[in-house]
Amino acid sequence: MQAVRSLGLDKSSTLRECAEARNAYTVQRLRHDFHVGLRELAAQAGDADADALVARFELPVFTVSSMDYQKLKGLRPADGPPKVWHDAESCGVPRLARHVQRAALVRRKALSLRRCRGMESFTRGLVALLESKSALPAAVRSAARATFDEQSAKLSSELRAACTAAETAIKDDFETLIQPQLKAGAAAATREALGTATEWGRPNTQGGLHWATYKATIRRNGVFRINMNEELTAPILKAVSVQWEKAFLSGMQRTLGTLQKCAESAFEAFYPAFVSALAAAEVPQSAIASLGGMRPEGMLNALSGTLAELKEAANKQQRELSRGIEPVVTENMKPGYSRAYHESGTGSHRRRVDILERHVRSTAPQMFTDASGSIVEQLTKMHKDIGTQLDSQVVQASLSWLHTTCCVVWDELGEHTVAERRRLAPRARQVLVEAINAVRRLDPSAARHDLATIAGEGAEADGDDLVDVTDEALAIKRARQRAETIQLNDDHDENVAPTQSDFSAKVKAEVKRE
């Protein structure tokens, strides 16, 4: 009846109707509270554009009835029939399972597609290298190599400028968004620390901790039923939470997106400029045609994967940075915890509280400065590491890929090398066909290539569709578990092989007779 009154339902409502109304209210309320929390975070961080923050996030909410679901699936046969829901789908568990599965599959597909595109790009360059028939005079080869060095130097300069600009933008975001908020959060934590510690020491009738709980908590370095260290650091995390998102999610995505566009423009301009320069250096058209396997999208796919992995690594480091504040506070609080804990005798609780509060008062300014300072130092190291990775994985890797792809023009090959390359070429083409088919299955929008031209006569595109085999694998696993399960029952069938329990019972009986 309470649910009927609270949800404004008719008195004749069934139990299922009450449950459906409760679930709908729960979903709506949780999403509303989530958005309210985002607005509070934005206000605490001094961000005026709270609507933009709320628009970027949506909280998926699932209401489930695990008990009825287990009964419907036969997992709780002794607990009677389900009370509210009469089909598994209505219990909500399958919807939650599909959501988790879909999220995992989306990530798995992205990683698989990235690797397959990388393999396609690599094998295209390999096939072009193995099938190269260029045999040029030494003077022409030298001119082609000099032309490549000149054009690649220009490309390297453009890529390094774009990477430097990206590193500078990331550094500026760290310095203008995060560092000021860390300092403000440290100041707020210093102001609020004594008040927080005072709340712990109040009589438990006034909202404080019981003396035994207080002692047990400081004995465990501030972590028992509450986490004193976490409560002390809360103002810092509140102050910087929105800025983390701006710098590491939206900000870094914007910065790396700009870098990717600059790199794409540079790559797309390189090939026609290189071909024109080769023609101007009087390199034969037959040799220039051997570059037909050089596709800029291959390098662009590799670049996109590199930047995506870099962003994921930076987000992981940000989470580690957030967790790094509390350990600094814990180390600073340990001496106070130790001194307070060793108080004993009459009135020891009040002395214990006083010792800890005096320790918080004297330690808080330097403690929170150290905590925020350690984060600043790690941020400085992080943006330098990002700059190093950009130079290595964008500039150096791109130049290496281009050199491998273009060296077919000036390479001097012996007869044995040519024969070995011809021998390996068919196997490389087969790998290329498989890579192209894998990309096509994972991304139906990908352009289809002339596989007959790549793999030779009789080659066909793989017509298999991408199939999620999770359910099939799960069914196989369940069947294997059933086959390996030992049946523990009292019924004995002479036609059935003895189980481990039968053997144990026989041994026990023989031992008893002896």
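See above for the structure.
Visitor: Can you walk me through the nonpolar core in this structure?
Guide: If you look at soluble globular proteins, the nonpolar side chains tend to sit buried side by side. Ranked by internal contacts, the top residues of the largest apolar core, which has 77 residues, are Phe248 and Phe368. Listing elements by their share of this core, those giving two or more residues are helix H6 (138-201), helix H7 (211-219), helix H8 (228-280), helix H9 (285-289), helix H10 (296-323), helix H11 (325-341) and helix H12 (348-406). Broken down by element, this core gets its largest block of residues, 19 residues, from H12.

Visitor: Mind showing me how you'd approach the pattern of salt bridges here?
Guide: Working definition: two side chains of opposite charge can pair if their charged atoms are close together. If you walk through the whole model with that rule in mind, you get 21 salt bridges. A salt bridge links arginine 107 to glutamate 312; the shortest N-O distance between them is 3.8 Å. Pair noted here: arginine 107 is in helix H5 (residues 93-130) and glutamate 312 is in helix H10, with a separation of 205 residues, a long-range link. Where glutamate 199 meets arginine 202, a salt bridge forms, and the shortest distance between an N and an O atom there is 3.1 Å. By relative accessible area, which is 38% here, glutamate 199 ends up partly exposed. Classification of arginine 202 as partly exposed rests on a relative accessible area of 32%.

Visitor: Would you mind showing me how to read the packing of H6 against H12 here?
Guide: When two helices pack together, their arrangement is captured by the angle between the axes and the distance separating the axes. Interaxial distance between H6 and H12 falls to 9 Å at its minimum, and their mutual angle equals 170°. The orientation of H6 with respect to H12, classified from their angle, is roughly antiparallel.

Visitor: Help me understand the packing of aromatic side chains, please; the structure alone is not making it clear to me.
Guide: As enumerated under the stated definition, the model contains four aromatic pairs in all. The rings of Phe148, Phe270, Phe274 and Trp410 are connected pair by pair, giving a single aromatic cluster. Just above the ring of phenylalanine 224 sits the side chain of arginine 220; from NZ or CZ to the centre is 4.5 Å.

Visitor: Where do I start with a nonpolar patch on the surface in this structure?
Guide: Together, Phe62, Val64, Leu96 and Val100 line one region of the surface with nonpolar side chains, adding up to about 300 Å² of accessible area. Here phenylalanine 62 shows up in the loop between helix H3 (50-55) and helix H4 (66-72).

Visitor: What's the story with a positive patch on the surface in this structure? I'm lost.
Guide: Judged by side-chain charge, Lys477, Arg478, Arg480 and Arg482 come together as a positively charged surface patch. You can see arginine 480 is positioned in helix H15 (residues 470-484). Relative accessible area serves as the criterion here: at 44%, arginine 480 is assigned to the partly exposed category.

Visitor: It is not clear to me how unusual backbone geometry should be interpreted in this structure. Could you clarify?
Guide: Most peptide bonds are trans, and most residues other than glycine sit at a negative phi. Despite not being glycine, asparagine 221 has its phi angle at roughly 55°, a positive value. Along the chain, asparagine 221 turns up in the loop between H7 and H8. Residue class for asparagine 221 comes out partly exposed when judged on its relative accessible area of 29%. Positive phi outside glycine occurs at glutamate 282, with the angle close to 65°. Note that glutamate 282 resides in the loop between H8 and H9.

Visitor: Would you mind going over the environment of glycine 195 with me for this structure?
Guide: Following the sequence through the fold, glycine 195 ends up in helix H6. Here glycine 195 falls in the partly exposed class, since its relative accessible area comes to 37%. The spacing of glycine 195 and valine 360 is 165 residues in sequence and 9.8 Å in space, taken between C-alpha atoms.

The rules behind these values
- Residues numbered from 1 in each chain as written.
- Predicted model: local features only at pLDDT ≥ 70, side-chain atom pairs only at ≥ 80, totals over all residues.
- Heavy atoms only, no water.
- Core = buried A, V, L, I, M, F, W, Y, C linked by side-chain atoms within 4.5 Å.
- Buried < 20%, exposed > 50% of the residue type's maximum accessible area, 1.4 Å probe, protein only.
- Helix = DSSP H or I, 4+ residues; strand = E, 2+ residues; numbered from the N terminus.
- Salt bridge = Lys/Arg side-chain N within 4 Å of Asp/Glu carboxyl O.
- Axes fitted to C-alpha atoms, helices over the stretch in contact; angles between N-to-C directions.
- Parallel < 35°, antiparallel > 145°, perpendicular 65-115°, else oblique.
- Phe/Tyr/Trp six-rings, centres within 6.5 Å; stacked < 30°, edge-to-face > 60°.
- Lys NZ or Arg CZ within 6 Å of the ring centre and 35° of its normal.
- Patch = residues over 30% accessible without salt bridge, like charges linked within 9 Å, V, L, I, M, F, W, Y side chains within 5 Å.
- Areas by Shrake-Rupley, 256 points an atom, 1.4 Å probe, with all protein chains shown as cover.
- Lys, Arg positive; Asp, Glu negative; His and termini not counted.
- Charge placed at Lys NZ, Arg CZ, Asp CG, Glu CD.

Nothing here speaks to function; it is geometry throughout.
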